[in-house]
Amino acid sequence: MKYSKPQKIVTVKIDGNINPRDNHLLASLPDAEWARWLPMLEGIKMPLGLVLYESGMKLSHVYFPITSIVSLLYVLEDGGSAEIAVVGNEGVVGISIFMGGESTPSRAVVQSAGYGLRLRADATSIEFNRAGPVMHLLLRYTQALITQMSQTAVCNRHHTLDQQLCRWLLLSLDRLRGSDLIMTQELIANMLGVRREGVTEAALKLQSAGLIRYARGHISVIDRPGLERRTCECYEVVRKEYDRLLPNIEAV
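Residues numbered from 1 in each chain as written. Predicted model: local features only at pLDDT ≥ 70, side-chain atom pairs only at ≥ 80, totals over all residues. Heavy atoms only, no water.

Participant: Would you mind going over the sheet that holds strand 4 (residues 61-65) with me for this structure?
Facilitator: Backbone-to-backbone hydrogen bonds pair the strands of a sheet. The strands run either parallel or antiparallel. The four strands are arranged 1-2-8-4 in an open sheet whose pairing can be described as antiparallel. A single partner strand is all that each edge strand has here, and the edge strands are strand 1 (11-12) and strand 4. By the bridge criterion, five bridges tie strand 4 to strand 8 (residues 114-120) in an arrangement that is antiparallel. Across the sheet, the residue bridging to phenylalanine 64 is leucine 117, located in strand 8. Its contacts with the sheet put helix 4 (residues 121-128) on strand 4 and strand 8, and the angle it makes with strand 8 is roughly 70°. (Pairing = 2+ DSSP bridges. Helix = DSSP H or I, 4+ residues; strand = E, 2+ residues; numbered from the N terminus. Contact = heavy atoms within 4.5 Å. Axes fitted to C-alpha atoms, helices over the stretch in contact; angles between N-to-C directions.)

Printed below as a string of structure tokens:
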């Protein structure tokens, strides 16, 4: 899959397409912090395949998806990649800024197009270092994200591809409104670190079981409870940890 460059990010006016409170972390800010943050937030378009940052690159902003989903990928020297986490309207992309690292070995790529917001790195650091509710909220989110990364590693090692695909679909749906995803087989294969043929076989199994409908990169989940029963325990572990650490964030 071809990715666009980080400098191609297009800013947009915060209007009907972008409600900052639709990002659950931003919605959880106390009134005083919210009033301080709002003038600093910048609306952006997040088209499919946009690279927000590359491995080793110094981050200039943190990103708050609103109607988009971002994949965090680890990229190998030979160009291969595998997803380590997904971030949508429940969270923020770019935790290394407030954790003190400034850069990260992962790549952040938009996997489902939409809109989002960004905040400058220096402003993020200042807000975090106030050591108030912002710091505690971001640290709890970081712990939940680490749980997702850890569980993804376990899942990729011990569970079948169709179980991994179920987990991935459910995590993605939890970060979007509705039950539809626009995903090509190539994109899903890149996310899961497998061959495209394997994704085709796994998707056909789920379709034959009446759980999803898949055609031309458009995935519709038609039996979510059935998908939850078919997936491994990894999805539930991640979901419960987000609910425990971020009680104001409601799973779909």
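Further notes follow.
Participant: Would you explain the pattern of salt bridges in this entry?
Facilitator: All told, the structure shown has 13 salt bridges when counted by the stated rule. In this structure, arginine 36 engages glutamate 127 in a salt bridge whose closest nitrogen and oxygen atoms are separated by 2.8 Å. Highlighted residues: arginine 36 in helix 2 (residues 31-37) and glutamate 127 in helix 4, separated in sequence by 91 residues. Judged by relative accessible area, which is 3%, glutamate 127 ranks as buried. Across the pair aspartate 162 and arginine 230 runs a salt bridge, and its minimum N-O distance is 3.4 Å. On the criterion of sequence distance, the pair formed by aspartate 162 in helix 6 (residues 161-173) and arginine 230 in helix 9 (residues 224-230) is long-range, its members being 68 residues apart. Connected through salt bridges with shared partners, the residues Glu33, Arg36, Glu127 and Arg130 form a single ionic network. (Salt bridge = Lys/Arg side-chain N within 4 Å of Asp/Glu carboxyl O. Buried < 20%, exposed > 50% of the residue type's maximum accessible area, 1.4 Å probe, protein only.)

Participant: So what exactly am I meant to see when it comes to the pairing of strand 6 (residues 81-87) here?
Facilitator: Each regular strand displays side chains that alternate between the two surfaces of the sheet. Of all the seven residues making up strand 6, five are buried; the element is thus mostly covered by neighbouring parts of the structure. As defined by bridge partners, strand 5 (residues 69-75) adjoins strand 6 across six bridges and the pair is classed as antiparallel. Pairing of valine 75 across the sheet is with serine 81, part of strand 6. The hairpin formed by strand 5 and strand 6 contains five residues between the paired strands, and glycine 79 there has a positive phi angle of roughly 95°.

Participant: Quick question: what am I supposed to make of the side chain of threonine 152 here?
Facilitator: With respect to the element layout, threonine 152 can be found in helix 5 (residues 133-158). A distance of 2.8 Å separates the side chain of threonine 152 from the backbone oxygen of glutamine 148, its partner in a polar contact. (Polar contact = N/O pair within 3.5 Å; in protein donor to acceptor, adjacent residues only side chain to side chain.)

Participant: For this particular structure, what's the right way to read the pairing of strand 2 (residues 42-46)?
Facilitator: Across two bridges, strand 1 lies against strand 2 in antiparallel orientation. Note on strand 2: the bridge partner recorded for valine 12 is glycine 43. Here strand 2 runs beside strand 8; their pairing, made up of five bridges, is antiparallel. Counterpart to glutamate 42 in the pairing with strand 8 is arginine 118.

Participant: What should I look at first to understand the packing of aromatic side chains in this one?
Facilitator: One pair of aromatic rings is described through two measures. These are the centre distance and the angle between the planes. The tally for this structure, following the rule as stated, stands at three aromatic pairs. When the centroid spacing of 6.3 Å and the interplanar angle of 70° are considered together, the rings of tyrosine 141 and tyrosine 242 count as edge-to-face. A residue pair is termed long-range when its members are at least 10 positions apart, and tyrosine 141 in helix 5 and tyrosine 242 in helix 10 (residues 233-245) qualify at 101 residues. Assessed through its relative accessible area of 0%, tyrosine 141 is described here as buried. In this structure, arginine 21 is placed above the aromatic ring of tryptophan 34, and the distance from its NZ or CZ to the ring centre is 3.9 Å. (Phe/Tyr/Trp six-rings, centres within 6.5 Å; stacked < 30°, edge-to-face > 60°. Lys NZ or Arg CZ within 6 Å of the ring centre and 35° of its normal.)

None of this, on its own, says anything about what the molecule does.
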